[in-house]
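Inside the fold
So you can see what is in the structure, the chains are spelled out below.
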Amino acid sequence: MNAEIKRGSLEMTAAMLISGSIGWFVLMSGQPVINVVFWRCAVGALVLLAVCGVLGQLRRDALTRATLLLAIAGGVALVINWLLLFAAYSYASISIATAVYNTQPFMLVGLGALFLGERLTARKLLWLGLAFGGMMLVVLAQPRQTGEQSHYLTGIALALGAAFFYALMALAAKRLKGTPPHLIALIQVTVGAVMLLPLVNFHVSASVEQWGMLATLGVLHTGLMYVLMYGALQKLPTNLIGSLSFIYPIAAMLVDRLAFGHRLSAWQLLGAAIILLAAAGMNLLGERRARLLPASDGRRAG
């Protein structure tokens, strides 16, 4: 393993481990979801602004009007994705929400077929069917109590919605190749802060520890994580990026188990494993003629 790939692997691993802890910080912040996403965007924007300044990306010629509008649209989708995913944690647990959220590659395949004319191969349909089977196992493993059933299904629906809006963001990102990725992230979180500003409840009390959680979401889980992830994407081949991306759901499930004691039932665990297996197949087992090339973009977690 050469030095560049080794460094990229360490950066991607760190980024995915950081992503896996997001749910814990969201729940421990004790804030409404809108407040959590707003502060993540606001603090993250300050960090990314400094990063873009250091990298010399704050130039007028870095964006055209069309790419700016596309980046803004992607930012709206990304923020809605965060709102839905963070809300899902309280309804269906971090583990279940994360497993269901990993249906995003299949939604992107569907959107690509509808809007980009991408071909649906038999292999893609096979993985899609497998993921659907895993999803049904997760849904059917809902709690027996009526009230808990409603909460559980709401959480699954929120996680599916988050995956859909992530796929919309990724679809927009496909049209932004060549645009500095840190600049795209800066635009997206700035859009989020502006979009949510009128909805934030600034009267909700928070302890010093809870403010620390919100600050960490902005600095660590947004600013630093994006720097690490984009640094890794520039160094690693696509297959290795796909492999390391699955550290995120595994880390999230471990955090959920250790921090909150949430243990998946046998059917939930099987369904989650099938979803992740199908996503791995979609991401890692490329077409036979695909070659290992350095990736220009990749999967963004949480």
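Residues numbered from 1 in each chain as written. Predicted model: local features only at pLDDT ≥ 70, side-chain atom pairs only at ≥ 80, totals over all residues. Heavy atoms only, no water.

The name given to the chain in an unreviewed UniProt entry is DMT family transporter, and the organism recorded there is Serratia montpellierensis. Taken from UniProt, the Sequence similarities (unreviewed entry) comment for the chain reads in full: "Belongs to the EamA transporter family." In its Subcellular location (unreviewed entry) section, UniProt records this for the chain: "Cell membrane". (UniProt positions renumbered as here; feature names shortened; annotations may be inferred.)

1. Structural notes on the environment of asparagine 201
In this fold, asparagine 201 is placed in the loop between helix H8 (181–196) and helix H9 (208–233). Asparagine 201 sits 73 residues away from isoleucine 274 along the chain, and the two C-alpha atoms are 40 Å apart. A polar contact of 3.0 Å, which involves the side chain of asparagine 201, links it to the backbone nitrogen of histidine 203. (Helix = DSSP H or I, 4+ residues; strand = E, 2+ residues; numbered from the N terminus. Polar contact = N/O pair within 3.5 Å; in protein donor to acceptor, adjacent residues only side chain to side chain.)

2. What to know about the UniProt feature "domain: EamA" (unreviewed entry) in the chain
In this structure's numbering, the residues bearing the UniProt feature "domain: EamA" (unreviewed entry) are residues 14–139 and 154–283. In this annotation, residues 14–139 is assigned 82% helix and 0% strand; the end-to-end C-alpha distance for the span is 31 Å.

3. Here we look at the side chain of arginine 40
Relative to the elements of secondary structure, arginine 40 occurs in helix H3 (residues 33–54). Among the polar contacts listed, one links the side chain of arginine 40 to the backbone oxygen of histidine 221, at a separation of 2.9 Å.

4. Things to note about the pattern of salt bridges
Evaluated as defined, the whole model comprises 3 salt bridges. A salt bridge links arginine 7 to glutamate 11; the shortest N-O distance between them is 3.4 Å. Taken together, the residues span about one helical turn, with arginine 7 and glutamate 11 both in helix H1 (residues 3–20) at a distance of 4 residues. Arginine 7 sits in the exposed class, given a relative accessible area of 54%. A salt bridge links lysine 235 to glutamate 11; the shortest N-O distance between them is 3.1 Å. Taken together, the positions of lysine 235 in the loop between H9 and helix H10 (238–245) and glutamate 11 in helix H1 put the pair 224 residues apart, joining distant regions of the chain. Neither residue differs from the other here; lysine 235 and glutamate 11 are each classed as buried. (Salt bridge = Lys/Arg side-chain N within 4 Å of Asp/Glu carboxyl O. Buried < 20%, exposed > 50% of the residue type's maximum accessible area, 1.4 Å probe, protein only.)

5. Some remarks on helix H6 (residues 122–140)
End to end, H6 covers 27 Å across 19 residues, agreeing with the expected 27 Å (1.5 Å per residue, within 8%). Every buried residue of H6 is listed here: Lys124, Trp127, Ala131, Gly134, Met135, Val138 and Val139. Seen from one end, H6 has its buried residues packed into an arc of 140 degrees, which puts them on one side. Structural note: H6 exposes Ala122, Leu126, Phe132 and Leu140 on the side pointing more than 90 degrees away from its buried face. (Expected span 1.5 Å × (residues − 1). Arc of directions from axis to C-beta.)

6. With respect to the layout of surface pockets
Volume-wise, the second largest pocket comes out at about 220 Å³. In terms of lining, the second largest pocket is formed by 15 residues, of which the most central are Ala92, Ser93, Pro143, Tyr152 and Gln268. Put simply, the parts of the chain that give the lining of the second largest pocket at least two residues each are helix H4 (65–101) and helix H7 (146–174). In terms of residues, the lining of the second largest pocket owes the most to one element, H4, which gives 6 residues. Considering only residue class, the lining of the second largest pocket consists of 8 nonpolar, 5 polar and 2 charged. (1 Å grid on protein atoms, 1.4 Å probe; cavity = no way out; pocket = protein on both sides within 12 Å on 5 of 7 lines; lining within 4 Å. Points joined across faces, edges and corners; volume = space filled by probe spheres on them. Nonpolar A, V, L, I, M, F, W, Y, C, P; charged D, E, K, R; others polar.)

7. Topic: unusual backbone geometry
Of note in this structure, serine 93 is not a glycine but carries a positive phi near 80 degrees. When its relative accessible area of 12% is taken as the criterion, serine 93 is described as buried.

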